[in-house]
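Chain residues, written in single-letter form:
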Amino acid sequence: MATTDRQTATLALAHALSAAERGLPVFPLSATKLPALRSPHHGEDPPVHCRGACGLPGHGVHDATTDPATVRALFAAAPRATGYGIACGREPHRLIGIDLDIDTAHGNDSVAALQHLALQHLFTIPATVTVLTPSGGRHLWLTGPSGVPVPNSAGRLAPGIDVRGAGGYLVGPGSVTTHGRYRLAPGTAHLAPAPCPRALLRLLTPPPRPRHAAAGGTSPARQGQGLVQFVRAAHEGQRNTRLFWAACRAYEHGFGEALADALTDAAIGMGLTEQEARAAIASAARLTDPRRTP
């Protein structure tokens, strides 16, 4: 490993240990922002949906810990880790991440959208830990009440606003990815994660939708035809974004698996490769279903 790589890995471990000392469960990430340790169940047939009960590392966010010795062991097993993930929804902070993406090319202003929601639902966006992303976005760290799990979502609140809750994770400040470094926003390093405003919490925890068959016996695939058409209408530069958004909606409504092939075909027709399409759909599945192993 090159000297720069070793320095990056050493710094990632140091940042992860510092976060763990503050009660934030951490685990190593690769430069692609994915878990750095390969699943011990990779390639098993049938697939094994293990969340770490086997006792081996390699279960993504389920490896997250605040124990310094375990953190060191995880990074020792992942020498090419360049960053770390912070598990959301876990005690003691029960972290909620509000991920504000910046997409000026397509007119999405997620910061303005969040401010609009605050005015509409009468809450104030509190001063809190804020992490700046390499793409120009930001992550707001909030804390949730005990016993109220917040689900992961992508674009449900507004375009460009993703939520990281139970089973999800945030890239920790100091992490280095292929696109650059995550860093704390000036003036927020001394802050603790602020409690999530109650009105915002209500928006983040909508009542569960009843999962029943549509009237007349309509199949899940038919219910998702609007999502398929949404993908087919994508212009160049929108294909991945639209596919990911559509897949998230399908999984949130309970028919993601049934619609996956149709979404893949639509994406291929718009110029993506099958591998790219399947990867985007798999990412949507992991984000919207915390029971899945990352």
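Keep in mind that this is a model prediction, so the values were computed, not measured.

(A) Quick look at the nonpolar core. Of all hydrophobic cores here, the largest spans 30 residues; its most connected members are Val26, Val71, Phe75, Tyr84, Ile86, Leu95 and Trp141. Secondary structure elements with two or more residues in this core: helix H1 (3-21), strand E1 (26-29), helix H2 (68-77), strand E2 (83-87) and strand E10 (169-171). With six residues, the single largest contributor to this core is H1. In contact with Ile86, not counting residues within four places along its chain, are Leu24, Pro25, Val26, Phe27, Leu95, Trp141, Gly168, Tyr169, Leu170, Gly172 and Pro173.

(B) Inspection of the sheet that holds E10 at higher detail. Across the sheet, which stays open at both edges, the three strands sit in the order E1-E2-E10 with antiparallel pairing between neighbours. This sheet does not close on itself; its edge strands, each paired only once, are E1 and E10. Each strand axis lies, on average, 35 degrees off the axis of its neighbour in the sheet, ignoring direction. Bridging between E1 and E2 involves four bridges; their strand directions are antiparallel. What sits directly across from Val26, in E2, is Ile86. Against the sheet, H2 touches E1 and E2, its axis set at about 10 degrees to E1.

(C) Seen up close, the side chain of His139. Assignment of secondary structure puts His139 in strand E7 (residues 138-143). Engagement of the side chain of His139 in a polar contact is seen with the side chain of Asp99, the distance being 3.5 Å. Discounting residues that sit within four places of it in the chain, His139 has contacts with Ile98, Asp99, Val129, Thr130, Val131, Thr133, Leu170, Val171 and Tyr182.

(D) Seen up close, the packing of aromatic side chains. Scanning all chains against the criterion turns up two aromatic pairs. The interplanar angle of 50 degrees and the centroid separation of 5.0 Å between the aromatic rings of Phe230 and Trp245 together place this pair among those described as tilted. Here Trp245 lies in helix H7 (residues 239-252) and Phe230 lies in helix H6 (residues 225-232), a separation of 15 residues in the sequence. With a relative accessible area of 27%, Phe230 lands in the partly exposed category. Residue Trp245 is classed as partly exposed on the basis of its relative accessible area, which comes to 31%.

Each value, and the rule that gives it
- Residues numbered from 1 in each chain as written.
- Predicted model: local features only at pLDDT ≥ 70, side-chain atom pairs only at ≥ 80, totals over all residues.
- Heavy atoms only, no water.
- Core = buried A, V, L, I, M, F, W, Y, C linked by side-chain atoms within 4.5 Å.
- Buried < 20%, exposed > 50% of the residue type's maximum accessible area, 1.4 Å probe, protein only.
- Helix = DSSP H or I, 4+ residues; strand = E, 2+ residues; numbered from the N terminus.
- Contact = heavy atoms within 4.5 Å.
- Pairing = 2+ DSSP bridges.
- Axes fitted to C-alpha atoms, helices over the stretch in contact; angles between N-to-C directions.
- Polar contact = N/O pair within 3.5 Å; in protein donor to acceptor, adjacent residues only side chain to side chain.
- Phe/Tyr/Trp six-rings, centres within 6.5 Å; stacked < 30°, edge-to-face > 60°.

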